[in-house]
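Structural characterization, general
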Amino acid sequence: SDELGLHFSMHRFLESKTRTHPSPHCCRHISSTTAGLPSFEHVVCLRCCGRRDPRPRTVWLGHPEKRDQRYPRNVINNQKYNFFTFLPGVLFNQFKYFFNLYFLLLACSQFVVEMRLGALYTYWVPLGFVLAVTVIREATEEIRCYMRDKEVNSQIYSKLTARGRLGGSSVPANQRVPADMIFLRTSEKNGSCFLRTDQLDGETDWKLRLPVTCTQRLPTASVKTLLKCGCLTVCQNISEDSDPPVNESLSIENTLWASTVIASGTVVGVVLYTGRELRSVMNTSNPRSKIGLFDLEVNCLTKILFGALVVVSLVMVALQHFAGRWYLQIIRFLLLFSNIIPISLRVNLDMGKIVYSWVIRRDSKIPGTVVRSSTIPEQLGRISYLLTDKTGIYVENTVLIHRTLTQNEMVFKRLHLGTVAYGLDSMDEVIKLHYLTLHSQNSFPHHWSNATKVRKTMSSRVHEAVKAIALCHNVTPVYESNGVTDQAEAERHYEDSCRVYQASSPDEVALVQWTESVGLTLVGRDQSSVQLRTPGGHILNFTILQIFPFTYESKRMGIIVRDESTGEITFYMKGADVVMAGIVQYNDWLEEECGNMAREGLRVLVVAKKSLTEEQYQDFEARYVQAKLSVHDRSLKVATVIESLEMEMELLCLTGVEDQLQTDVRPTLETLRNAGIKVWMLTGDKLETATCTAKNAHLVTRTQDIHIFRLVTNRGEAHLELNAFRRKHDCALVISGDSLEMCLKYYECEFMELACQCPAVVCCRCAPTQKAQIVRLLQERTGKLTCAVGDGGNDVSMIQEADCGVGVEGKEGKQASLAADFSITQFKHLGRLLMVHGRNSYKRSAALSQFVIHRSLCISTMQAVFSSVFYFASVPLYQGFLIIGYSTIYTMFPVFSLVLDKDVKSEVAMLYPELYKDLLKGRPLSYKTFLIWVLISIYQGSIIMYGALLLFESEFVHIVAISFTSLILTELLMVALTIQTWHWLMIVAELLSLSCYIASLVFLHEFIGKVKCLFSNVYFIATLSFLWKVTVITLVSCLPLYVLKYLRRRFSPPSYSKLTS
């Protein structure tokens, strides 16, 4: 295999502080060779720093000047742009929209004299304003992202090198590991440490890690001594007097991944990967600018409008019989009718998104919610598939660290002995029975002599069950110091207030905590012994003879212990019911009770024991050691020897623990289901855990069956299992990552078709890349919008791939929330984020966009009528000032106030999630609604223009005055017609715009008197004739629409109207 050289030298390393993570080297597959402790040689082949071809890399610890390669900076970066790509990137993202590119070309055309229709500011000022708003918004988000990244990248770590960025690092307890490292040494007496991986995978259960044996065995505990005593030469030039080479292989247990937290002690490691070569970073994709489906739909409508613009221009020129320089006339008409595509549409929508983001952040019912991407709030209103991770809250000293669905804190719920079951409400009886057995011969002999035989039997059964649970595990008690120097004192006296339990599974911690609550406390453990304390303070000592850890394949774990007081040897085992059923002695209740507890959403473990004589154990040990020394089929032979013990074991009890859900997870999932959103759970947990969580969270309802997709390893098995699944109806699917990979490899289309029909899907043992692949396939196969919710670093790829990414932020895990579009603190906030804010954002933007289009089509229709009446002349009806004023100060505020409109109250939207389902069809913004608004615009524009032509008296300026005033009043009345729930700011906007127009009539006629516009004849505007003509035209254009709206609400009311009455 490839190798990576790593050498210690005799340099005196100085401990220094740095604000950035240590940044030495990277590798992938590692082996270690030691020549005279503690010199190492590790070799690796890696695609380094973006190079395409893998090449060897040598890591020199203490010799940074000898490295021959450049290494990436050890920083995280969630920004979409850098200093040089910001402006080009933002402009590119803007001008890839059709209408933005169209207006850029339109503005540029005004530099050609033959094409100019008015002042340059008429086109460049609106375009510049649109771009300025966009650039400011993007710059604000990038600066915020930069500051968040800087906060993480500015953490201080100890770097154990004299100079350079290469070398080892010392990490104390409760601090994050700065980079991917090889674990060299720990200060813990048991020679191991635990990691918390909450930021990587969202899980708060601890992972066991072991240091390299040769470095851990060094006689001194000093970190500096460890790094001082190296060899002077590399391994290839070992002197004759040096120690012989010692070969030691490295495994996953010798690694410390970046962003994990050291649970106890101080560890020393040599850094291997940094920056973009970190394991967590390589599992993620680069940040990208997401474009919402709503924006794409609006872009499509503008293309239709452009087509209408071209058709109208060609018709105008055709009616002139293509006379003269007709091609220039086409261009002039294209410019003249350019208002058909409103340039203000983009800026109105962008400013609307800013308002939606502000409203979300200010919502007191979802505190702590952060909008990190303000470009896609409308996406929240059209989610069809929700993909969520399963992890929980880590609770420490009343500080809640929120996670996705569950709290990842297990609670012991039930102890079942076959004939009797004890729940939380009957634990006092367990304590009494266990206490009775412990003190039967010493403290209370009269109680024991008077007890009935049945009570004696029950108390002994309870005692044996509690003792088995207290011994059969991998939990280690750790005593954390409350002060500066009291840790050793606390450990010596087993202080309860200082003790915490470390374990790789929260299930085991829950079981040990339960045994403590009933009187049998785990107070000490190392690699060879276990100490338990009784309620009377007596210490029970047990020697660990063998331990068989839990594996995904075996689904069980076992331990052989010797009681130091009696010398008895006992083999304890616990595991899943599917494997333990064939190991324990025959009984008639195991299968039934396991099923009952599983249906309640409990994780069930079967506990059993077997007493061994000294001869039996010695025989087993000899065979076990011989099997471990085998060169061929070692794993099979070891398993065979262990299975020889796993026969006819005595069934002691069943335990049921529950993974505590976050607050209101069940009603939130129920709300999402009623809203028409299908929920998929993608998790790295084992199948049994994922299934229990799905049941407990009511992701799978009680009336639904669960189809567990069995493990398939080839195409034939996948085909048969898919056929079996095809025959199921209304059935939730549970599938493992390996089976999923096989199905997607051979039957991608068929599998996705079947999976999308399921009411719920659970994918367990999912890799981060698989999560992103599932999101991508859902988008491609269904065309529906997806939302990914996660809390750990392994969810980042899924979050970035989804149309809308939501990160659940906690005190520890921030990696997912930093990369997400929206960040929440609890899963239950997702319901309000979608049902209220997502729904309102989409409906408001739909109304706003269509009204802006209507506003532009009205004036374009008037221009078309005007040109038709006056012999198809390409002469503008209104001058540049009026055109700009029409889209800004005269109508902007009322139109933009539509972002405050809502059809129902937020409480009603949460109570009736079926209202959200109506949005999934895209009805608020569809070709049908677009056509209705086009017809309204043509009707009103024609009425206003023809009315002004019929009613004007003697001068052309009268046409301009009557038509423009009627147009302004019509727009203000149409806004009032569109509004469903009035807000005081809407009234202010209407009055403000009307006041601005009246003030313009009174005060601006002298300022622009030389311009041929309506303000130059203020005396006509003040006459009664002008007023009644404007009133009649406005009423004719608006009154029929008010009548139609009333009739529609009377005879065909929308779904929400009954809820608002």
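Since the model is a prediction, treat every value here as computed from it, not as a measurement. (Residues numbered from 1 in each chain as written. Predicted model: local features only at pLDDT ≥ 70, side-chain atom pairs only at ≥ 80, totals over all residues. Heavy atoms only, no water.)

As for the sheet that holds strand β33 (residues 705-708)
For clarity, the threshold we go by: The pairing criterion is simple: DSSP has to find at least two bridges between the two strands. Under the DSSP-based scheme used, a helix requires at least four consecutive residues in state H or I and a strand at least two consecutive residues in state E, with every element numbered from the N terminus. We call two residues in contact when some of their heavy atoms are within 4.5 Å. Under this scheme, a helix contributes an axis fitted over its contacting stretch, all axes are lines through C-alpha atoms, and angles between N-to-C directions fall in the 0 to 180 degree range.
Strands sit in the order β17-β38-β37-β36-β18-β32-β35-β34-β33 across an open sheet of nine strands; the sheet is mixed. Of all the strands in the sheet, the pair left with one neighbour each is β17 (370-371) and β33. Relative to strand β37 (residues 804-808), strand β36 (residues 785-790) runs parallel, the two sharing four bridges. Paired with Gly790 across the strands is Gly807, a residue of β37. The strands that helix α21 (residues 687-696) touches are β32 (678-682), β33, β34 (731-736) and β35 (760-764); relative to β35, the one it contacts most, it runs at about 150 degrees.

Things to note about the packing of aromatic side chains
Counted only if it meets this: Aromatic rings from Phe, Tyr and Trp, with only the six-membered ring used for Trp, were paired whenever their centres fell within 6.5 Å, and each pair was classed as stacked if the ring planes differed by under 30 degrees, edge-to-face if by over 60, and tilted otherwise. Remark: exposure states derive from per-residue accessible area (1.4 Å probe, protein chains only) relative to the maximum for the residue type, with buried under 20%, exposed over 50%, and partly exposed in between.
Taken as a whole, this structure holds 21 aromatic pairs when the rule is applied. Relative to Phe84, the ring of Phe83 has its centre 5.4 Å away and its plane inclined at 90 degrees; by these criteria the two rings are edge-to-face. Of the two residues, Phe83 and Phe84, both sit in the exposed class. Grouping aromatic residues by their ring pairs yields a cluster made of Phe548, Phe571, Tyr617, Phe620 and Tyr624.

A short note on the pairing of strand β28 (residues 556-563)
Most of β28 sits out of view: seven of its eight residues are buried. Pairing analysis gives six bridges linking strand β27 (residues 539-548) to β28, with the strands arranged antiparallel. Bridge pairing in β28 places Phe542 opposite Asp563. Judged from the seven bridges that link them, β28 and strand β29 (residues 569-575) form a sheet pairing that is antiparallel. Bridging across to β29, Met557 finds its partner in Lys574. Linkage of β28 to β29, two consecutive antiparallel strands, is achieved through a turn of five residues, within which Gly567 is found at a positive phi near 80 degrees.

Things to note about a nonpolar patch on the surface
As a reminder of what qualifies: Note on patches: the residues involved have over 30% relative accessible area and no salt bridge, like charges join within 9 Å, and the nonpolar side chains Val, Leu, Ile, Met, Phe, Trp and Tyr join within 5 Å. The Shrake-Rupley method, run with a 1.4 Å probe, gives the accessible areas here. Residue values count only the displayed protein chains as cover. The working definition used for a salt bridge is a side-chain nitrogen of Lys or Arg within 4 Å of a carboxyl oxygen of Asp or Glu.
A surface patch of nonpolar side chains, amounting to about 900 Å² of accessible area, comprises Leu973, Leu1035, Leu1039, Tyr1042, Val1043, Leu1044, Tyr1046, Leu1047 and Phe1051. Considering every element that reaches the nonpolar patch, the biggest residue donor is helix α37 (residues 1024-1051), with eight residues. Counting through the fold element by element, Val1043 comes out in helix α37. For Val1043, a relative accessible area of 42% gives the class partly exposed.

Describing the UniProt feature "binding site: Mg(2+)" (unreviewed entry) in the chain
Using the following cut-off: UniProt positions are given in the numbering used here, feature names are shortened, and annotations may be inferred rather than shown by experiment.
Under the local residue numbering, the UniProt record ascribes the feature "binding site: Mg(2+)" (unreviewed entry) to Asp389, Thr391, Asp791 and Asp795. With respect to the element layout, Asp791 can be found in the loop between β36 and α26 (796-801). Overall, the relative accessible area of 0% leaves Asp791 in the buried class.

Section: the environment of Tyr746
Considering the arrangement of structural elements, one finds Tyr746 in helix α23 (residues 737-746). Separated by 27 residues in sequence, Tyr746 and His719 have C-alpha atoms that sit 8.7 Å apart.

Some remarks on the packing of helix α8 (residues 293-319) against helix α28 (residues 829-869)
Put simply, the rule is: For classification purposes, an angle smaller than 35 degrees is called roughly parallel, one larger than 145 roughly antiparallel, one from 65 to 115 roughly perpendicular, and anything else oblique.
Contact pair α8 / α28: the axes reach a minimum separation of 12 Å and the direction vectors enclose 5 degrees. Here α8 is positioned roughly parallel relative to α28, judged by the angle of their axes. Only Tyr842, Ser845, Ala846, Ser849, Ile853, Leu857, Ala864, Ser867 and Ser868 of α28 make contact with α8, whose side of the interface consists of Phe294, Glu297, Val298, Leu305 and Met316.

Points about the side chain of Asn74
Put simply, the test is: In protein, a polar contact requires one atom able to donate a hydrogen and another able to accept it; more generally it is a pair of N or O atoms within 3.5 Å, and residues adjacent in sequence count only if both atoms are side-chain atoms.
You can see Asn74 is positioned in the loop between β7 (59-60) and α1 (86-95). Within the structure, the side chain of Asn74 is placed 2.9 Å from the backbone oxygen of Pro178, a separation counted as a polar contact.

With respect to the environment of Ser259
When you line up the elements, Ser259 lands in the loop between β14 (255-256) and β15 (261-262). What makes Ser259 buried here is its relative accessible area of 17%. Measuring from C-alpha to C-alpha, the distance between Ser259 and Leu195 comes to 9.9 Å, with 64 residues separating the pair along the chain.

Here's the deal with the environment of Arg776
Its place among the elements puts Arg776 in helix α25 (residues 768-782). For Arg776, a relative accessible area of 34% corresponds to the partly exposed category. A polar atom in the side chain of Arg776 sits 3.5 Å from the side chain of Glu801.

Digging into the sheet that holds β15
As summarised here, the arrangement of the three strands in space is β12-β11-β15, forming an open sheet in which the pairing is antiparallel. Edge positions in the sheet fall to β12 (206-209) and β15, since each of these pairs with one other strand and no more. Relative to β15, strand β11 (residues 193-196) runs antiparallel, the two being bridged by two bridges. Looking at the pairing, Leu195 lines up with Ile262 of β15.

Quick notes on the side chain of Thr671
Within the fold, Thr671 resides in helix α20 (residues 665-674). Here the side chain of Thr671 touches Pro667 through a polar contact of 2.8 Å, landing on its backbone oxygen. Among residues more than four places away in sequence, those in contact with Thr671 are Met835 and Pro913.

Description of the pattern of salt bridges
Counting across every chain of the model gives 27 salt bridges. Here Lys290 makes a salt bridge to Asp821, at a shortest N to O gap of 2.7 Å. With Lys290 in the loop between α7 (279-282) and α8 and Asp821 in the loop between α27 (815-819) and β38 (822-824), this residue pair connects regions lying 531 residues apart in the sequence. Where salt bridges share partners, they join Arg137, Glu138, Asp295, Arg346, Asp350, Lys353 and Glu378 into one cluster.

Description of unusual backbone geometry
Even without glycine at this site, Glu648 takes up a positive phi of about 50 degrees. Inspection of the secondary structure puts Glu648 in the loop between α19 (634-645) and β31 (650-661). Despite not being glycine, Arg765 has its phi angle at roughly 55 degrees, a positive value. Considering the arrangement of structural elements, one finds Arg765 in the loop between β35 and α25.

What to know about α8
Heads up, the rule is: A helix is expected to span 1.5 Å multiplied by its residue count minus one.
Spanning 27 residues, α8 covers 39 Å between terminal C-alpha atoms, matching the ideal 39 Å at 1.5 Å per step. Residues of α8 that are buried include every one of Phe294, Asp295, Val298, Asn299, Leu301, Thr302, Leu305, Leu309, Ser313, Met316 and Val317, and no others. Buried residues along α8 sit in contact with α2 (98-109), α9 (326-336), α10 (344-362), α28 and α33 (927-951). Two residues or fewer after α8 comes His321, characterised by a positive phi angle close to 60 degrees.

With respect to the pairing of β32
Where burial is concerned, most of β32 is hidden: four out of the five residues are buried. Relative to β32, strand β18 (residues 383-388) is paired through four bridges, and the arrangement is parallel. Paired with Tyr385 across the two strands is Lys678, which belongs to β32. In this sheet, β35 lies alongside β32 in parallel orientation, the contact comprising four bridges. Bridge pairing links Leu682 to Cys763 in β35.

Concerning the confidence of the model for the chain
Defined as follows: A score between 0 and 100, pLDDT records how confident the predictor is in each residue.
Confidence in the prediction of the chain, expressed as mean pLDDT, is 79, and 79% of residues score 70 or more. For the chain, the element scoring lowest by mean pLDDT is strand β19 (residues 394-396), at 31; β29 scores highest, at 94. Confidence drops under pLDDT 50 across residues 392-403; counting only partners more than four residues distant or on other chains, this segment forms 45 contacts. Note on residues 483-487: pLDDT under 50 across the span, and three contacts to partners over four residues away in sequence or across chains.

Quick look at a positive patch on the surface
Basically, it comes down to this: Positive residues here are Lys and Arg, negative ones are Asp and Glu, while His and the chain termini are left out of the count. Each charge is placed at NZ for Lys, CZ for Arg, CG for Asp and CD for Glu.
A cluster of basic residues, Lys917, Lys921, Arg923, Lys928, Arg1048 and Arg1049, forms a positive patch at the surface. Turning to its location among the elements, Arg923 is positioned in the loop between α32 (914-917) and α33. You can call Arg923 exposed: its relative accessible area is 51%.

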